[in-house]
Amino acid sequence: MLDITVIILTKDERLHIARCLENVNQIARKVYVVDCHSTDGTQEIARRFGADVVEHDWPGNQAEQFNWALDNLTIDTEWILRLDADEYLLAELINELKGTLPVIQNNVNGIVFKRRHIFMDRWMKRGIYPVKILRLFRKGHGRYEQRLMDEHIVLNDGQEYECFNDFCDHNLNNLSWFCKKHVDYAVREAAELLDLEFRLCKKPENGHLSDQAGSKRRKKHSYARKPLFWRSFAYFLYRYFAKGAWRDGKEGFIFTFIQGWWYRTLVDAKVYEIKRKCGNDPEKITRLLREEYGVSL
């Protein structure tokens, strides 16, 4: 076993949790499942696979939930790994970690993985792959930044190491669930874009993002300055044609259309709706987000 504690946030993850825990049990010395009152038996399955289950009310976003876990769980390992229940490490990545972590340099405090999306049981090789995300870090050297969407683990010091191999985001729910998830995301993403435009939130950003996360954040700032609705269409064209998502068949089209055009257009529609009601008044926008959508910046 490696000197790793895994933290998994859950809410009704019966479909995925056994696969995830069976996977991380190959390397982790300790596994915590931080559950938000699941009603589908997630907790019982997690305990059966040896995980410690801790119940905690949902604070509104993953960043706050994960940071609560960092501050309140007993963690006595050198490394902490953050995974979602519908994610797992490929065997090649597990072997790479077994060979790398015991000999890694002391100034390396964060490990970056490449994420591959498995959609409708097909790997989306083009369009957005590889997404590089810092998911493994030394205890005391990282935590999530406070954001509604697109949150990343930031390091307060030290260097990063990028692994060669991948972990998978492989959700087994159907298309209706996938679309509903993005409907739920749309308001928070709209709030993020409005925040970028009007600086609604004055929270300080501490620590530093991984290289790709920083690049992604800069692209998001650029995207926020583009015209509504045109930008979602252009983003779809970029992913589908320029990045080659068309080569991933029907699944590639469905994935890129829903995530890259339909969802982005829905976000723009939310921005448009909010601006129609509030104009460009930051105080009115902030109040409407809180009172009508339950989003607090």
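Coordinates for the structure precede this section.
Being a predicted model, the structure only gives us computed values, none of them experimental.

Participant: Outline the packing of helix 7 (residues 230–242) against helix 8 (residues 249–278), supporting the account with residue identities and numerical values.
Facilitator: Contact pair helix 7 / helix 8: the axes reach a minimum separation of 8 Å and the direction vectors enclose 165°. Judged on the interaxial angle alone, helix 8 and helix 7 are roughly antiparallel. Every pair of crossing elements has a handedness; the one defined by helix 7 and helix 8 is right-handed. Residues Arg 231, Ser 232, Phe 233, Tyr 235, Phe 236, Arg 239 and Tyr 240 of helix 7 form the contact with helix 8, whose own contacting residues are Gly 252, Phe 253, Phe 255, Thr 256, Phe 257, Gln 259, Gly 260, Trp 261, Arg 264, Thr 265, Asp 268 and Val 271. Partitioned by chemical class, the residues of the contact of helix 7 with helix 8 number nine nonpolar, six polar and four charged.

Participant: I'd love a proper account of the pairing of strand 3 (residues 52–55), names of residues and values included.
Facilitator: Two elements, strand 2 (residues 28–35) and strand 3, share four bridges in a ladder whose sense is parallel. Along strand 3, the bridge assignment pairs Asp 35 with Glu 55. Regarding topology, helix 2 (residues 42–48) serves as the crossover connection from strand 2 to the parallel strand 3, and that connection is right-handed.

Participant: Lay out the pairing of strand 4 (residues 79–84) in plain terms, naming residues and giving numbers.
Facilitator: Of all six residues that make up strand 4, six are buried, and the element is covered over most of its length. The two faces of strand 4 match: Trp 79, Leu 81 and Leu 83 on one face and Ile 80, Arg 82 and Asp 84 on the other face are all buried. As judged from the six bridges shared by strand 1 (residues 2–10) and strand 4, these two strands associate in the parallel manner. Bridged to Ile 7 within strand 4 is Arg 82. With three bridges joining them, strand 4 and strand 8 (residues 131–138) adopt antiparallel strand pairing. Bridged to Ile 80 within strand 8 is Phe 137.

Participant: Would you mind going over the packing of helix 5 (residues 175–198) against helix 9 (residues 282–293) in detail, with residue names and values included?
Facilitator: Between helix 5 and helix 9, the shortest axis-to-axis distance is 11 Å and the interhelical angle comes to 165°. As far as their axial angle goes, helix 9 and helix 5 are roughly antiparallel. Read as a crossing pair, helix 5 and helix 9 show a hand that is left-handed. In this structure, helix 5 contributes Val 187, Ala 191, Leu 194 and Phe 198 to the contact, and helix 9 contributes Pro 282, Ile 285, Leu 289 and Tyr 293. Its residues assigned to classes, the contact of helix 5 with helix 9 comprises eight nonpolar, no polar and no charged.

Participant: Summarise the environment of Val 183; cite the residues concerned and give the values.
Facilitator: Considering the arrangement of structural elements, one finds Val 183 in helix 5. Taking the C-alpha atoms as reference points, Val 183 and Tyr 263, separated by 80 residues in sequence, lie 7.4 Å from one another. Apart from the residues within four sequence positions on either side, Val 183 is in contact with Trp 262 and Leu 266.

Conventions and cut-offs
- Residues numbered from 1 in each chain as written.
- Predicted model: local features only at pLDDT ≥ 70, side-chain atom pairs only at ≥ 80, totals over all residues.
- Heavy atoms only, no water.
- Axes fitted to C-alpha atoms, helices over the stretch in contact; angles between N-to-C directions.
- Helix = DSSP H or I, 4+ residues; strand = E, 2+ residues; numbered from the N terminus.
- Parallel < 35°, antiparallel > 145°, perpendicular 65-115°, else oblique.
- Left-handed = near helix turned anticlockwise from the far one by under 90°.
- Contact = heavy atoms within 4.5 Å.
- Nonpolar A, V, L, I, M, F, W, Y, C, P; charged D, E, K, R; others polar.
- Pairing = 2+ DSSP bridges.
- Right-handed = clockwise from strand over helix to strand, strands pointing away.
- Buried < 20%, exposed > 50% of the residue type's maximum accessible area, 1.4 Å probe, protein only.

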